[in-house]
Amino acid sequence: MASTVHPIDNNTNFTVYSTTKAALGPKPLFTQIGNKFYFIETEVKKNWHDAYATCRQMGAHLISLNSADERIAVTKFLQDNKIDTFYWTSGNDLRQQGNHVWFPTTDTVDVDIWYPGEPNNVAGKEHCDIYRYDIHLGLNDLKCESQERYICELPKHVN
Ligand SMILES: [Ca+2]
């Protein structure tokens, strides 16, 4: 269900896009990073399930950091724009404990992108994966009920 993207605001240091011309109010606004479009929620925090649902309402999914190029590009964008450091991704092991996959592809989360010491499934209750970059960068499994910011990605690539 690739969406047509429309540039709606060039009056920033990066081009902002929306999935529809009549977006949900001033949002959602998608930013091109590399060859994909992302919505980065910098204000409202939601639990993983609500973040997932919000992305779906935009015709997007929670971000899957399933290539090194994408991880590098997104991380650089977050750092360059001084955006906060914790974001829900689509990674989870809700279907099978200990088997973290991206959603909806179900591709396995690379073993080399975990934050040091993660995933540690504290108290057996951590099943949703957040991306963080501070001292190190990588994924951490957290309780899905945690209220966090999130990044959505559109399925459409830029040609
Ligand atoms: Ca953890």
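Residues numbered from 1 in each chain as written. Predicted model: local features only at pLDDT ≥ 70, side-chain atom pairs only at ≥ 80, totals over all residues.

*Asks:* Any chance you could explain the nonpolar core here in plain terms?
*Replies:* Nonpolar side chains in soluble globular proteins tend to end up buried together. Within the largest apolar cluster, 32 residues are counted, with the highest numbers of intra-cluster contacts made by Y38, F39, L62, W88, I151 and C152. Listed by contribution, the elements that provide at least two residues to this core are β4 (36-40), α1 (48-57), α2 (68-80), β6 (86-92), β7 (128-133), β8 (137-142) and β9 (149-157). Discounting residues that sit within four places of it in the chain, L62 has contacts with A51, Y52, C55, W88, T89, S90, F103, Y150 and C152. (Core = buried A, V, L, I, M, F, W, Y, C linked by C-beta atoms within 7 Å. Buried ≥ 20, exposed ≤ 12 C-beta atoms within 10 Å, placed from the backbone. Helix = DSSP H or I, 4+ residues; strand = E, 2+ residues; numbered from the N terminus. Contact = placed C-beta atoms within 7 Å.)

*Asks:* I keep staring at the environment of L154 and nothing clicks. Help me out?
*Replies:* By secondary structure assignment, the location of L154 is in strand β9. Spatially, the C-alpha atoms of L154 and L62 are 8.8 Å apart, while their sequence positions differ by 92 residues.

*Asks:* Whenever I open this one, α2 confuses me. Can you help?
*Replies:* Structurally, the α-helix is built with 3.6 residues per turn, so residues lying three or four positions apart point the same way. Across its 13 residues, α2 extends 18 Å between first and last C-alpha, which sits within 8% of the 18 Å expected from 1.5 Å per residue. The positive-phi residue at the C-terminal boundary of α2 is K82, with phi of around 50°. (Expected span 1.5 Å × (residues − 1).)

*Asks:* How should I be thinking about the pairing of β4 in this particular structure?
*Replies:* Along a regular strand, successive side chains alternate from one face of the sheet to the other. Taken across its five residues, β4 has four buried, putting it largely inside the fold. With three bridges joining them, strand β3 (residues 30-33) and β4 adopt antiparallel strand pairing. Looking at the pairing, T31 lines up with Y38 of β4. Following β3, the chain reverses through two residues before pairing antiparallel with β4; G34 in that reversal takes a positive phi of roughly 65°. (Pairing = 2+ DSSP bridges.)

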